[in-house]
Every structure is written in C-alpha cells, then in structure tokens.
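Inside the fold
As a plain string of letters, each chain reads:
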Amino acid sequence: MVDTLTPVLSAHWDTDRAWTLESYTATGGYAALDTAFAMSQDDVISMVKDSGLRGRGGAGFPTGMKWGFIPQGDGKPHYLVVNADESEPGTCKDVPLMMATPHTLVEGVILTCYAIRANHAFIYVRGEVLHVVRRLQRAVQEAYLAGHLGTDIHGSGFDLEVTVHAGAGAYICGEETALLDSLEGRRGQPRLRPPFPAVAGLYAAPTVINNVESIASVPVILRNGADWFASMGTEKSKGMTLYSLSGHVARPGQLEAPLGTTLRRLLDLAGGVRAGHELKFWTPGGSSTPILTAEHLDVPLDYEGVGAAGSMLGTKALQIFDDTTCVVRAVLRWTEFYKHESCGKCTPCREGTWWLVQTLARLERGRGEERDLEMLLDQCDNILGRSFCALADGAVSPITSSIQYFRQEYVDHFEHGGCPFDPAASTLFAPVGAPA
Amino acid sequence: MTVSTGSTDEAGPLDEQTLAELRQVMARYPQARSALLPMLHLLQSVEGRVTARGIEACADLLGISAAEVSGVATFYTMYKRRPVGAYHVGVCTNTLCAVMGGDAIFERLKEHLGVGNDETTPDDGTGETITLEHVECNAACDYAPVVMVNWEFMDNQTPESATRLVDDLRAGREVRSTRGPRVCTWREAERVLAGFPDDRADEGPAAGPASLLGLEIARAHGWSAPPAEHDSGAEGRTGDEGGAAGRTGLDAQTAMGRAPSEGAVVESGAETVGEDAGGQQNPKGGS
C-alpha cells in the first residue's frame, strides 16, 4: 500500500540552499543523465511511455506518446519548449518547484531533449515571478559550468543549449500554440491545428511543449524506473503529483500525493476548512474546471475520477471556498479575468466574454431577473465549443457549473436587490467564526 | 504629471550600450525576432516604459515594422506606455485572493496612496514613487492574499501590512520579499527579465511555509514514496548518494561548477551564439 503523501518532486524543498547545483547533486541530481545516455533515445521514450506519466499542465495527455510524435531523421532541428507560464487561477505548483529546485527541471529538460533529439530548449517562464526567473537563470548557468549543458555533454556526443525566456503578462500564452507565437516574438495568439507542434511548432520545426511538473518528473523515472513510478496512482493516472490547496482551509499549501487521492483526505491533513465554517464549493484544477461541492469530497482526484464527476483534474489547483463566499461574486471575478485575457483572435471569445461580464455584473448588483439567467446560459451555449482555443471553454465552466449547483443564489441576488453576503466575512483577516 | 508622449527623454537615438545589449539578446535565439519580448523588457529597464524610440529601435534591429513591434508591446500587460514608478505594486484581485482580502487591500492602498488603478504617486523629490495596479493570479494562491512588489512575492498580506509595505518603499527603507530577496527597483527587475542577472538568486529561502506543508505532514507520519526497485531499464543505477559516489570525477567537476557571480551566465550563453547566429540571416530557419 502506497503512503497517503509521497513527496518526490518536493522531497528536498526544505534542504539548505536547495536551488544550488551542489545541493541537487548531493541528492543524486544529474545521475540520470548517464543512465539515459547509455540507452537509445527510443528506449528513453519507451520508458516514459511505460511509466504512464501524463501531462501535468491540465490536459493529461500521455507525455511519452507526445514525444513519440516527433518525426525522426527528418533533418530538421527539434525543439523542447517548457511551459512555465503558470497562470491558471488557483494554480501554484510550478512556481514553488522552480524556486526551490530548478535543477530538477533542468535535468528533466536534458533527458527530454536527448529523447526527442532536440539540441535547443526554451524555458518560457511568466515574467511576473522575478525570483523564479533568477533561480532558473542561475541553475542553467551552473549546469553549463558543470558540463551538464553545452557541447558533448558527459562525453556522450549530445549537445544542448537551454534558454530561459521571460514572458510579459498574458494568460493566453499558457496555451501551447499561443506560447509558440509569443516565443517567436509575436502577440500570443493560438494557431490553427493541424499542423500540430510535433510537426510544425517553433520556427515551423518539430516541437514538444510540456508543463514544468511533467518535465521535472522525468529524472526520477529514469532513476527509479517506469514500474516504480507506475506503482503509485490509479489504473490510468499513474504516479505522484502536486496538489495545491488554497483558500478557506486551515493550512493551505502544496501536498504531493499519488494521483487518485481525495479532497476529503487532503483537507483532513490540512486541518480542514477554516474554523467555524463549511465547504461550499471548490475547483479541482483551476478556474477553468467546473466547480464542485461538498458532495464531491470523495471523488478520486485523477483524470478519470474528476471527469466522471463532471469536471476536469486540470492543474490540481484545489481552491477552497467556504460558506461566507458569494458564488456569484466569485464567478463574476473569474469572468472578468477571462474577458481581460481573451486574446481577441476569435469572435465568440472576444465578444462573448465581454457580454458574459455585462450580464453577470447586472445579476451580481441585484438588477437582473430570471430571464437574464437564461440569457447567460444561452451566451455560454454560444461560446462553448465555438471558439478558437480552450480559453473560452474555460470561461463558461464556472458560470454553467455554478448555476447548476447554486441557481437559487443567483435568484437571491435579484430578489434581495443586491448581494446578500458580507465580503469582509470571507477575508483572511475576518474574526474567527464571523457569521456568513 | 509627465505627458505620456513627452519628447525630451526620447530625443535622439538610444545610447550605444543599450543598442549593443539589444543585439546581445537577439544573439540568444535561432531567429532574432524571438528576442522581441526580452528586448522590450530591456528597454523598459533603460527608459522606464516602452517609448516610441524604443519601438523604432526594435523595428530597425529586427527588420520588422514599428507597427508590428507596437502590436506586441500593447498586447502584454507587463509593458507600460506610461512611466512606471520606482516600485510597481500589484495587488492580486483574481477570485481567490480577492475573496481572501485582496479587494480590501487594493481599496486601502488606493485610498492610502491617493491613486487609482494603473496610476503613479507624485514624486516628492526622493524618486521613491509607486505605481499601483491590480494584477491577475500570480501563482501563489496558497499564500493569499498576495501583493507583488516589482514582481517579488509579498505573501499573506492584510490592509495594514500592505500599507506599511508601501510606506517603507516610499521612505526608501529596505524591503525584503517574504520568500525572496531584497526588493530592487522596477527598472532593475526589468533588466533581470531581459536576461541580465543581478546576483540576487541566492537570497531568500528555497521555499515558504505553505510550499512545505505536505513535506512536513509526510515526515510527521513517516510517509514517503515507495522505495526504488531499480529493475526496469535503470539497470541497477541508483539515484541516491551511493549511486552518485562512484562518479567522483563528475562530482569534483560540479563542486567547482558555481561561478562567483551570475554574470557568467551571459558568458556561457555567448558560447551558444556561434551556432545560432546563422538563423538571423535565415528568418525561416529550420532547414
């Protein structure tokens, strides 16, 4: 039986100067390089496939399979682009990982590039996390100086350059094709697919784009084996992962557990919902995943379990809201976010998110009526599945799911002539046990 | 109040050092246009905002139109067309932080500083000005409510702590991120984002308390990941100290692999230029 918590990626976050090469090497860091260099590239890909590792950025696509799509012997340069643009509301796992142990990511980058036969990798990190950018720059510098990067790495004949690239503030750049346009020095707007990045990605060359946590999971798979990784988790969702608990919980933070754990278990460990209050709603994987309620406390937090409950595992960003929180206010704020972050490329998203805000704001102010609720759902229906990328699908998720579970609260707003909640009661600095 | 299209500071071309550094950024990439985002960060560090002449300079260097550069500069929220203060204070008002107190913090700071969103406090002669802005989720939700100063984390804020924070900044007192380094100026931060390190990477802890929650609980319960069996493809190699011990040559090398300063990252980056520079003449590259 696997333990309830299984710190692997986070196991050394409290080590003295954990971000340094010296500290990372002392715990076995970079030993996986020679393991990989002794294997063929295809065997490395097979090993990652066998481990069952799936993308930790939200979509859950099998990582090894993605690597396998890169055409071989095509004479073109191949690229790895690490998506370190962590911006999905509620998501806060990659930033602490890169802050504490950036070398885990760098080692994963080297192993991945070896497997997909890429000689240049980019770490696209959002610009709004300055110290993370510093730690990444420093880690890459140290790796060069130690001979883990550059030419003929460890005498293997394999060459690799890594460039740390800071973004400039655009949620949409977390979408992989928008990220590529941004990395090419353009506005971050999604591309039409096909062609997929594996065929025509960065500079129209075959490109793998992976989330930070996915790439950082690779070294330990090489080190401990595919079976070891697959011994954790559930049938189709293998391995350990970082769950991020935030909001109205006694002790918010990062909890690394096998996939398939439950919110009930994690909440118990974190001291439960804020004292004197009850769980009202939560997101399983950021604001783009439909909200869930207390009836979903025992849903297995893996790709299949959360899907069966009508939501998505997403980034495992568990945002907890207690009974003091107005769901209409929460959803309006998320909707304003999507409106602000819509890239403007396609009409349903650009215009649709604007209208969603208008309608929701009216409801939140208590000036709406029953038919506004119907109009809101109709707007959602006209956006979902009709936009260019997944941003707008994410935008309607909190709206439709909140109406599904809390329709009466919307009605209360217009019957009450305004919001029936006191926003002060929801704050961290509210007196304990403040009335809802 | 400075006129946003003011001319005196924009007269004439950029200085030679800035132009040389812009070219240095371009040389990092297989195709030069990829450098545009860090180039704009660098220009902000020099000029305090994206200026008309900065846009022209990027266009000239990259061989694209000023309209294309402008289109990029106006797309990303970190690029500012109006002068930014010495300190950019960003209050997260996305849902979770807003509910946890971000809205109250933002209201208090607007009142305390006497400015609205995306506005800058007047300079009292010290130059310690503050630009206040509400920002979107900054990936620190387990530390909500979060305030960013020049994109450094100030965790678990209250209206009172945030007020003290901006007062300290305006008084020129040293401010440290709650899990990071001494706060630098906004312009200095922009230079780091352009890829010119400032030697502060070693400041601050590895992780804040919330990041270590699971690790602490696991230790208290004696929980850990299953032991490695070293059977599938790893060929008996271990990832622990024992496995690494046989590789003294490499260990000796890595033990010395730490440069006294981060400036060396630019040098090691420069080694990559030779291979990539050809891409600049070949905008389609990849063939």
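**Topic: the overall build of chain A**
The number of helices and strands found in chain A is 17 helices and nine strands. A compact globule built from 436 residues would reach a C-alpha radius of gyration of about 22 Å, and chain A, at 22 Å, matches this within 12%. Across the 436 residues of chain A, 68% fall into the buried class. Across chain A, contacts joining residues at least 24 apart in sequence account for 71% of those joining residues at least 6 apart.

**A word on the packing of helix H7 (residues 130-145) of chain A against helix H7 (residues 186-193) of chain B**
Axis separation between H7 of chain A and H7 of chain B bottoms out at 10 Å; the angle between their running directions is 40°. Judged by the angle between their axes, H7 of chain A and H7 of chain B are oblique. For H7 of chain A against H7 of chain B, the interelement crossing comes out left-handed. Residue-level inspection shows Leu 130, Val 133, Arg 134 and Gln 137 of chain A of H7 of chain A in contact with H7 of chain B, the latter providing Ala 189, Val 192 and Leu 193 of chain B. Of the residues assigned to the contact of H7 of chain A with H7 of chain B, the class counts are five nonpolar, one polar and one charged.

**Details of empty space enclosed by the protein**
Applying the stated rule across the entire model yields three cavities of 30 Å³ or more. What the largest cavity holds in volume is close to 70 Å³. A per-class count over the lining of the largest cavity returns nine nonpolar, two polar and one charged.

**Notes on the confidence of the model for chain B**
Residues and elements named next belong to chain B. In this model, chain B carries a mean pLDDT of 84, and residues with pLDDT of at least 70 account for 76%. Note that pLDDT drops below 50 for residues 1-8; the model gives that stretch five contacts with residues more than four away or on any other chain. Per-residue pLDDT stays below 50 along residues 264-287; that stretch engages in 33 contacts with residues further than four places along the chain or on separate chains.

**Comments concerning the sheet that holds strand E1 (residues 79-84) of chain A**
All names here are of chain A. Strands sit in the order E3-E2-E1-E4 across an open sheet of four strands; the sheet is parallel. Strands with a single pairing partner mark the edges of an open sheet, and in this sheet they are strand E3 (161-166) and strand E4 (207-211). Strand-to-strand twist across the sheet, computed as the mean angle between neighbouring axes with direction ignored, equals 20°.

**Topic: unusual backbone geometry**
For the peptide bond that leads from Arg 193 of chain A to Pro 194 of chain A, omega is -5°, which places it in the cis range. Take Pro 194 of chain A: it is sitting in the loop between helix H8 (176-183) and E4. The backbone phi angle of Asn 156 of chain B is positive, close to 45°, even though this residue is not glycine. By the secondary structure assignment, Asn 156 of chain B is in the loop between strand E5 (152-154) and helix H6 (159-170).

**Some remarks on the nonpolar core**
Counting 185 residues, the largest nonpolar core has Val 109 and Leu 160 of chain A together with Leu 40 and Tyr 76 of chain B as its most contacted members. Examining the composition of this core, we find that ten residues originate from one element, helix H17 (residues 391-416) of chain A, more than from any other. Excluding residues that lie within four positions of it along the chain, Tyr 76 of chain B makes contacts with Tyr 124, Ala 168, Gly 169, Ala 170, Cys 173, Ser 182, Arg 186, Arg 187 and Gly 188 of chain A together with Leu 37 of chain B. Core analysis: the second largest hydrophobic core is formed by 29 residues, Leu 245, Trp 282, Leu 292 and Leu 297 of chain A among them.

**With respect to the sheet that holds strand E6 (residues 253-258) of chain A**
In space, the five strands of this open sheet follow the order E6-E5-E9-E7-E8 (chain A), with mixed pairing throughout. Lying at the two open borders of the sheet, with one neighbouring strand each, are E6 and strand E8 (292-293) of chain A. Inspection of the sheet shows strand E5 (residues 240-247) of chain A paired to strand E9 (residues 317-322) of chain A by four bridges, in the parallel sense. Each bridged residue has a counterpart across the sheet, and for Gly 247 of chain A the counterpart in E9 of chain A is Ile 320 of chain A. Contacts between helix H5 (residues 95-113) of chain B and the sheet are confined to E5 and E9 of chain A, with E9 of chain A contributing the most and set at about 40° to the helix.

**Observations concerning the interface of chain A and chain B**
Between chain A and chain B, the contact holds 118 residues from the first and 111 residues from the second. Between chain A and chain B, roughly 9100 Å² of surface is buried when both sides are summed, and carbon and sulfur atoms account for 59% of that area. Along the contact surface separating chain A from chain B lie eight salt bridges. As a salt-bridge pair, Arg 329 of chain A and Asp 103 of chain B come within 2.9 Å of each other at their nearest N and O atoms. For the pair chain A and chain B, the number of links is 38 residue pairs in polar contact (both at pLDDT 80 or more). Sorting elements by how many residues they give to the side of chain A that touches chain B places H7 of chain A first, with eleven residues.

**What about the packing of helix H1 (residues 16-26) of chain B against helix H2 (residues 36-47) of chain B?**
Axis angle and axis distance: for two packed helices, these are the angle between their axes and the distance between the axes, and together they describe the pair. All names here are of chain B. Running from amino to carboxyl end, H1 crosses H2 at an angle of 155°, the nearest separation of the two axes being 9 Å. When the axis of H1 is compared with that of H2, the two are roughly antiparallel. Note on packing geometry: the crossing formed by H1 with H2 is right-handed. For the pair H1 and H2, the contacting residues are Thr 18, Glu 21, Leu 22, Val 25 and Met 26 in the first and Pro 38, Met 39, Leu 42, Leu 43 and Val 46 in the second.

Parameters and conventions
By convention here, each chain's residues receive numbers from 1 onward along its written sequence. Chain labels run from A onward and ligand labels from 1 onward, assigned in the order the entries are written. With pLDDT at 70 or above as the cut-off, local features in this predicted model cover only qualifying residues; side-chain atom pairs require 80 or more to be listed or tallied, and sums for whole chains, interfaces and linings still use all residues. Side-chain measures here rest on the full set of heavy atoms in the structure, leaving out hydrogens and waters. Helix and strand labels come from DSSP, where a helix needs a run of H or I of at least four residues and a strand needs a run of E of at least two; each type is numbered from the N terminus. The globule rule used for comparison is 2.2 Å times the number of residues to the exponent 0.38, while the radius of gyration itself is calculated over C-alpha atoms. Here's how the labels work: a residue is buried when its accessible area is under 20% of the maximum for its type, exposed when over 50%, partly exposed in between, all with a 1.4 Å probe on protein chains only. Contacts: residue pairs with any heavy atoms within 4.5 Å of one another. To define axes, lines are fitted to C-alpha atoms, for helices over the stretch in contact only, and angles between the resulting N-to-C directions are given on a 0 to 180 degree scale. Any angle that is under 35 degrees is reported as roughly parallel, and any over 145 degrees as roughly antiparallel; angles of 65 to 115 degrees are reported as roughly perpendicular and all others as oblique. Handedness of a crossing is defined here by the sense of rotation of the near helix relative to the far one, left-handed for an anticlockwise turn of less than a right angle and right-handed for a clockwise turn. Amino acids outside the nonpolar list (Ala, Val, Leu, Ile, Met, Phe, Trp, Tyr, Cys, Pro) and the charged list (Asp, Glu, Lys, Arg) are all regarded as polar, and Gly is one of them. Definitions used for this entry: grid spacing 1 Å over protein atoms alone; cavity, a set of points where a 1.4 Å probe fits but cannot get out; pocket, an open set with protein on both sides within 12 Å along at least 5 of 7 lines; lining residue, one with an atom within 4 Å of a point. Grid points are joined across faces, edges and corners, and a volume is the space filled by probe spheres set on the points. Residue-level confidence of the predictor is what pLDDT reports, using numbers from 0 through 100. Pairing between two strands is assigned when DSSP locates at least 2 bridges connecting them. Buried residues of nine kinds, namely Ala, Val, Leu, Ile, Met, Phe, Trp, Tyr and Cys, make up a nonpolar core once their side-chain atoms join them within 4.5 Å. Once two parts are put together, the accessible area they lose, assessed with a 1.4 Å probe and summed over both, is termed the buried area. Salt bridges, as used here, are contacts in which a Lys or Arg side-chain nitrogen is within 4 Å of a carboxyl oxygen on Asp or Glu. Polar contacts, as counted here, are pairs of nitrogen or oxygen atoms within 3.5 Å of one another; within protein the pair requires one atom able to donate a hydrogen and one able to accept it, and residues that are adjacent in sequence qualify only if both atoms are side-chain atoms.

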